[in-house]
Amino acid sequence: MSATLDTPHELEALAQVRNAAQSVGLTYAGGVSPQLAWRLFDSGQAVLVDVRSAEERKFVGYVAGSVHVPWATGTSLTRNPRFVRELELKVSKQQPVLLLCRSGKRSVLAAEAAAKAGLHNVFNVLEGFEGEINDQQQRGSSDGWRFHGLPWAQD
């Protein structure tokens, strides 16, 4: 983990995200950019939780050191009924939790469920790991964790 983080600046950014989320009525703490998520995770100030399926992590890639709690499982993406319980076992309620999925959509649903269960320090990583799909039905050409060149690994 890197120690080069400007702590007050990053924590201030999270506070701004939380305030913006509250002002628009989000039930969870808000959305952070992939770059801010990486800085928080890399510095040890936040836990990065990958909510994609095990298959997505294996075949598409993952962020080394991230925690895996699938929102949905299998190739049919069947909703994981134990998601919140599994998340609570793997994260601290005090530390910021950053949820990462493929495009930033499933992680919103996961953040909403976590907030409803009393985890109020949960943020969505905007754009997801692969980003939004383009006109050619491909991901990763304009946004997402990998598009921004952030660290990731693949088996």
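Everything here concerns the structure above.
I will try to describe carefully the structure that is included in this document.

Looking at the overall build of the protein chain
Secondary structure assignment for the protein chain yields five helices and seven strands. A globule of 155 residues ought to have a C-alpha radius of gyration of about 15 Å, and the protein chain, at 15 Å, matches this closely. For the protein chain, with 155 residues in total, the buried portion stands at 47%. For the protein chain, contacts bridging at least 24 residues in sequence account for 60% of all contacts bridging at least 6. Distance from the positive charge centre (16 side chains) to the negative charge centre (16 side chains) of the protein chain: 8 Å.

Describing the nonpolar core
In this structure, Val49, Val51, Phe83, Leu87 and Leu99 are the most contacted members of the largest nonpolar core, which totals 23 residues. Among the secondary structure elements, those contributing two or more residues to this core are strand 2 (47–50), helix 4 (83–90), strand 6 (97–100) and helix 5 (106–116). Setting aside its immediate chain neighbours within four residues, valine 51 contacts Val69, Pro70, Trp71, Ala72, Phe83, Leu99, Leu100, Cys101, Ser107 and Ala110. Ranked by size, the runner-up nonpolar core spans 20 residues in total, among them Val63, Leu98, Phe123 and Val125.

Some words on the sheet that holds strand 2
An order of 1-7-6-2-3 is seen for the five strands of this open sheet, with the pairing classed as parallel. The strands lining the two open edges of the sheet, one partner per strand, are strand 1 (31–32) and strand 3 (67–68). Alignment of strand 2 against strand 3, held across two bridges, turns out to be parallel. From the neighbouring strand, valine 49 faces strand 3, where its bridge partner is valine 67.

Cut-off values and rules
Residues numbered from 1 in each chain as written. Predicted model: local features only at pLDDT ≥ 70, side-chain atom pairs only at ≥ 80, totals over all residues. Heavy atoms only, no water. Helix = DSSP H or I, 4+ residues; strand = E, 2+ residues; numbered from the N terminus. Rg over C-alpha atoms; globule rule 2.2 N^0.38 Å. Buried < 20%, exposed > 50% of the residue type's maximum accessible area, 1.4 Å probe, protein only. Contact = heavy atoms within 4.5 Å. Lys, Arg positive; Asp, Glu negative; His and termini not counted. Charge placed at Lys NZ, Arg CZ, Asp CG, Glu CD. Core = buried A, V, L, I, M, F, W, Y, C linked by side-chain atoms within 4.5 Å. Pairing = 2+ DSSP bridges.

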